[in-house]
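Descriptive analysis of the structure
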Amino acid sequence: MSAAEDNDKRSAAPEGVAAEGAAAVAAAAAAAAAQSDRDDSRDPAFVIVTGMSGAGRSTAAKALEDLGWFVIDNLPPGLLFAMAEEAGKVKLAADKVAAVVDVRSLAFTTDLNAAIEELEGRGVRVRVVFLEASDEELVRRFENVRRPHPLQGEGRLVDGIARERGILREVRANADLVIDTSSHNVHELRNKIVAYFGGEDRPGLRVNVVSFGFKYGLPVDADLVVDCRFLPNPHWVPELRPMNGLDTPVREYVLGQPGAKEFLDAYEEVLKVVAAGYAREGKSYATLAVGCTGGKHRSVAMAEQVAGRLRDRGMEVQVSHRDVGRE
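Rules of the game
- Residues numbered from 1 in each chain as written.
- Predicted model: local features only at pLDDT ≥ 70, side-chain atom pairs only at ≥ 80, totals over all residues.
- Heavy atoms only, no water.
- Helix = DSSP H or I, 4+ residues; strand = E, 2+ residues; numbered from the N terminus.
- Buried < 20%, exposed > 50% of the residue type's maximum accessible area, 1.4 Å probe, protein only.
- Areas by Shrake-Rupley, 256 points an atom, 1.4 Å probe, with all protein chains shown as cover.
- Axes fitted to C-alpha atoms, helices over the stretch in contact; angles between N-to-C directions.
- Parallel < 35°, antiparallel > 145°, perpendicular 65-115°, else oblique.
- Left-handed = near helix turned anticlockwise from the far one by under 90°.
- Contact = heavy atoms within 4.5 Å.
- Nonpolar A, V, L, I, M, F, W, Y, C, P; charged D, E, K, R; others polar.
- Phe/Tyr/Trp six-rings, centres within 6.5 Å; stacked < 30°, edge-to-face > 60°.
- 1 Å grid on protein atoms, 1.4 Å probe; cavity = no way out; pocket = protein on both sides within 12 Å on 5 of 7 lines; lining within 4 Å.
- Points joined across faces, edges and corners; volume = space filled by probe spheres on them.
- Pairing = 2+ DSSP bridges.

Describing the overall build of the chain
Helices and strands together make up the secondary structure of the chain, namely eleven helices and nine strands. Out of the 327 residues belonging to the chain, those deemed buried represent 48%. For the chain, the accessible area works out to roughly 15200 Å², and carbon and sulfur atoms hold 51% of it.

Quick look at the packing of helix α5 (residues 135-145) against helix α6 (residues 157-167)
Helix-helix packing: each pair is described by the crossing angle between the helix axes and the interaxial distance. Axis separation between α5 and α6 bottoms out at 10 Å; the angle between their running directions is 130 degrees. With respect to each other, α5 and α6 are oriented oblique. The crossing of α5 and α6 is right-handed. Along its contact with α5, which presents Asp 135, Leu 138, Val 139, Phe 142 and Glu 143, the element α6 presents Leu 157, Val 158, Ile 161 and Arg 165.

Some words on the packing of helix α10 (residues 260-281) against helix α11 (residues 298-312)
Two elements in contact, α10 and α11, have axes separated by 11 Å at closest approach and are oriented at 45 degrees. By the angle class used here, α10 and α11 are oblique. Here the hand of the crossing between α10 and α11 comes out right-handed. Contacts between α10 and α11 involve Ala 260, Lys 261, Phe 263, Leu 264, Asp 265, Tyr 267, Glu 268 and Leu 271 from the first element and Met 302, Gln 305, Val 306, Arg 309 and Leu 310 from the second. Looking at the contact of α10 with α11 residue by residue, the class counts come to eight nonpolar, one polar and four charged.

What about the packing of aromatic side chains?
Summed over the entire model, instances satisfying the criterion amount to six aromatic pairs. With 5.3 Å between their ring centres and 50 degrees between their planes, Phe 230 and Phe 263 make a pair best called tilted. Within this pair, whereas Phe 230 is found in the loop between β7 (224-227) and α9 (248-255), its partner Phe 263 is found in helix α10, the two being separated by 33 residues in sequence. For Phe 230, a relative accessible area of 43% gives the class partly exposed.

Thoughts on empty space enclosed by the protein
The probe, sized like a water molecule, is rolled over the atoms to show the empty space still left. Tallying each qualifying case throughout the model produces two cavities of 30 Å³ or more. When its volume is computed, the largest cavity comes out at roughly 50 Å³. Taken together, Leu 205, Val 207, Leu 271, Val 274, Ala 275, Tyr 278, Ala 286, Leu 288, Leu 310 and Met 315 make up the lining of the largest cavity. Broken down by secondary-structure element, the contributors of at least two residues to the lining of the largest cavity are α10 and β8 (285-292). Looking at the lining of the largest cavity, the element that brings in the most residues is α10, giving four residues. A breakdown of the residues in the lining of the largest cavity according to their chemical character gives ten nonpolar, no polar and no charged. Approximately 30 Å³ is the volume attributed to the second largest cavity.

Side note on the sheet that holds strand β6 (residues 206-213)
With parallel pairing, the four strands of this open sheet are ordered in space as β7-β8-β6-β9. Two strands bound the open sheet, and with one partner strand each, they are β7 and β9 (316-321). For this sheet the average axis-to-axis angle between neighbouring strands, irrespective of direction, equals 20 degrees. In this structure, β6 lies alongside β9, joined through six bridges in parallel fashion. If you follow Arg 206 over to β9, its bridge partner there is Glu 316. Here helix α8 (residues 186-197) sits on the sheet and contacts β6, β8 and β9; the angle it forms with β6, its principal contact strand, is near 140 degrees. Set on the sheet, α10 makes contact with β7 and β8; between it and β7 the angle comes to about 175 degrees.

Here's what the structure looks like:
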């Protein structure tokens, strides 16, 4: 994915011209009114997509549009309530409205928090999606397209990234969903957005289970992390070393070890409690990370088992194996 996707042909809504911006919002909302029939009794939802420049905000916006959402890009936080009001006037689907916002001033966090408070004070259920990527990956993306970071000014590219990360720290901490795009290309990010938002009419918690290797670092978007390194490592079994946790011999070896079944049973009980708590808090998405040393054998086999148990409980689950094939 390139930084150009976050600096594409769609022009930004001018922050200093609120009246013109609101008029544009009204016109766009009216034009989108025919997208679907509405039910005013439904709990209204409003998705805000934000995050680091170059992390894929525009790709996420395009994926939502393909799913039939009404999306406006590069909207200043101060116009979020105006957009929601116009969407309500033309009766846009409450759970199909999204805005992409980015950093335009040092007061961004304050402005965004104020807008969210105003929306929620009027009964609008707001969900914030934060797109993240490592500094190294962001530098690579910006260098590939030979464009400056919007906040670097006269400084270096890394200075702009650090400044933006500082401004967005509180927003990231409070986001409902954090997606790390460091290892995703455009198509993989789009698939992840579709997985999270393609079934908005289906109730319940949507879960992403990801296996990983501790030696490659923790997944930064994980809500819960478990460690499978208490199990014997198939790496030291010569015939199993070239396989991974998706292969039957490895799976049977891992699941046959003392403690494997007990761990899965106990973790399933923990997840029942956590899922119920997430439901009470209105959290719709969760990422569960399952780790071992290299992310090839134990974590893969155990992640598949966790996912299968959650599916048996009626949850919508996606599984990915971040570090398989990395060695």
